[in-house]
Amino acid sequence: MSYNPLDIDRNHIWHPYSAIGKQQTLFHVDSAEACTLTLKDGTTLIDGMSSWWSVIHGYNHPILNEALKNQIDKMSHVMFGGLTHDPAIHLTKLLVDITPTDLQTVFFADSGSVTVEVAMKMAIQYWTSQGNMNKQGFIALEHGYHGDTFAAMSVCDPINGMHSLFANAIMKQHFVPAPISGFGKPCEQQDVIALRECLEQHHETVAAIILEPVVQGAGGMRFYSAEYLTQARSLADEFGVLLIFDEIATGFGRTGKLFACEHANVTPDILCLGKALTGGYMTLAATLTTEKVSQCISQGNPGVFMHGPTFMGNPLACSAALASTQLLLASPWQENISRIEQKLKTNLAVCRTLESVADVRVLGAIGVVELKHAVDMSVIQQCFVDQGVWIRPFGKLVYVMPPFIMTDVELDKLCGAIYTVIKDHHKPN
Ligand SMILES: *Cc1c(COP(=O)(O)O)cnc(C)c1O
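Please read these numbers as outputs of a predicted model, since none were measured by experiment.

A separate point is the site of the ligand. Contacts to the ligand come from Ser111, Gly112, Ser113, Tyr145, His146, Gly147, Glu212, Asp246, Ile248, Ala249 and Lys275. With respect to the ligand, the side chain of Ser113 contributes an N or O atom lying 2.6 Å from an oxygen atom. The separation between an oxygen atom of the ligand and a polar side-chain atom of Lys275 is 2.6 Å. For the ligand, whose free accessible area comes to 390 Å², the fraction covered by protein is 82%. Of the residues belonging to the shell around the ligand, the class tally is three nonpolar, five polar and three charged.

Looking now at the side chain of Thr289. Relative to the elements of secondary structure, Thr289 occurs in strand E12 (residues 285-290). Of the residues examined, Thr289 reaches a relative accessible area of 1% and is grouped as buried. There is a polar contact of 2.2 Å between the side chain of Thr289 and the side chain of Thr105. Once you skip the residues sitting within four places of it in the chain, Thr289 turns out to touch Asp102, Leu103, Gln104, Thr105, Met122, Asp269, Ile270 and Ser294.

This part covers helix H12 (residues 377-386). Of all the positions in H12, only Ile380, Gln381, Cys383, Phe384 and Val385 are classed as buried. Tucked inside the fold, the buried residues of H12 contact strand E3 (44-47), strand E15 (389-390), strand E16 (397-400) and helix H13 (408-425). A positive backbone phi angle near 80° is found at Gly388, which sits one or two residues after H12.

Here the focus is the pattern of salt bridges. Going through the model one piece at a time under the given rule, you end up with 14 salt bridges. For Arg233, the salt bridge is made with Asp237, and the minimal N-O distance between the two is 2.8 Å. Taken together, the positions of Arg233 and Asp237, both in helix H8 (residues 227-239) and four residues apart, correspond to about one turn of that helix. Overall, the relative accessible area of 15% leaves Arg233 in the buried class. Asp237 sits in the partly exposed class, given a relative accessible area of 47%. Note that Asp408 is salt-bridged to Arg339, the shortest N-O span being 2.8 Å. Of this pair, Asp408 sits in helix H13 while Arg339 sits in helix H11 (residues 333-348), and the two are 69 residues apart along the sequence. The exposure class of Asp408 is partly exposed, given its relative accessible area of 33%. Its relative accessible area of 24% is what places Arg339 among the partly exposed residues.

Criteria and thresholds
- Residues numbered from 1 in each chain as written.
- Predicted model: local features only at pLDDT ≥ 70, side-chain atom pairs only at ≥ 80, totals over all residues.
- Heavy atoms only, no water.
- Near = heavy atom within 4 Å.
- Polar contact = N/O pair within 3.5 Å; in protein donor to acceptor, adjacent residues only side chain to side chain.
- Areas by Shrake-Rupley, 256 points an atom, 1.4 Å probe, with all protein chains shown as cover.
- Nonpolar A, V, L, I, M, F, W, Y, C, P; charged D, E, K, R; others polar.
- Helix = DSSP H or I, 4+ residues; strand = E, 2+ residues; numbered from the N terminus.
- Buried < 20%, exposed > 50% of the residue type's maximum accessible area, 1.4 Å probe, protein only.
- Contact = heavy atoms within 4.5 Å.
- Salt bridge = Lys/Arg side-chain N within 4 Å of Asp/Glu carboxyl O.

In structure tokens:
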């Protein structure tokens, strides 16, 4: 090779939230198997991130590999305009079966952010189809995260969500404080007052409320009372706005229920899925809606939903999603999640004794250690690798969401590394 691969990377490749040309610590992965990443130099790391919530069955799974190989030999892709295929049909049937009963239609998109765009366009078209051109705004929660494209950004937390940078380009939406009542607790009236007031004031120009049920992910890893969903549902109905649940992070078992909305048995009008949908094999996401929404859009003016990506319903991605979801349902996933939850609770508790730690919280297969001060990524990332684990904190949050198959021994090592690294390398000032 006439060039240094890492120089090519540093000078020519954008990574998530990265800069070009700066010395950033990058680890060169060669392969991955089950819960282990193997680097080029032979180092092995236990993966605590599931590649951002998605690799729920672990890497290089024989059943998923097989499903993809079979599909490749038939066709990797075919356009979805005017054509259809088995992977999309069977996946749709399965998604409609396992999500709340009223959700009956599926729109396949390429990424989570795009499903949020699609959900927002559907909500707007639901109203314009009825001749109402006024309802095009959205109500979102502070600390929310819904993706990086423009409409998705507009409903992300206004402080930590890049709004100031793109201020003149971002649609102005309404924000209400995120619920304070914790998971497993009743929802205090205090939590819904702001939502009610916002709806009283703005319902005539609001298409929908959008929120992440129970777990706010990238906006702060906060867990909140499931009863808030019940309240949001009845307020949405009372004021005539739709309710969108973004389950891109929480879907497919992560919180202990197949979908987080099941903690309150609340059905949204529109549901966004992504991340774990394909078991982390391919990029694919889905927007589900009720018949009320799909019928209204289909029978109004212009009588079609105005979105259609080139790679919509990609057969390879759909077969990965079908195989992954079937594998999940056939596995003892509830037992795995509660085993991981217990392990994380037991093993992370000791972090509370560290002076630099503000809070430790666990829900399902999500473990969070919140620090008093932001970590120094240039130091802490290498420390985790030195401990043989892959954990990528952001801000004050050191968190893990392991693959559901992670063993107790691996979980011990993962949690031990968190304690050691915070104790030795993250000072409380
Ligand atoms: C990751 C995420 C998104 C964005 O999905 P991408 O595939 O990164 O575009 C949206 N909403 C939530 C809740 C997420 O966790």
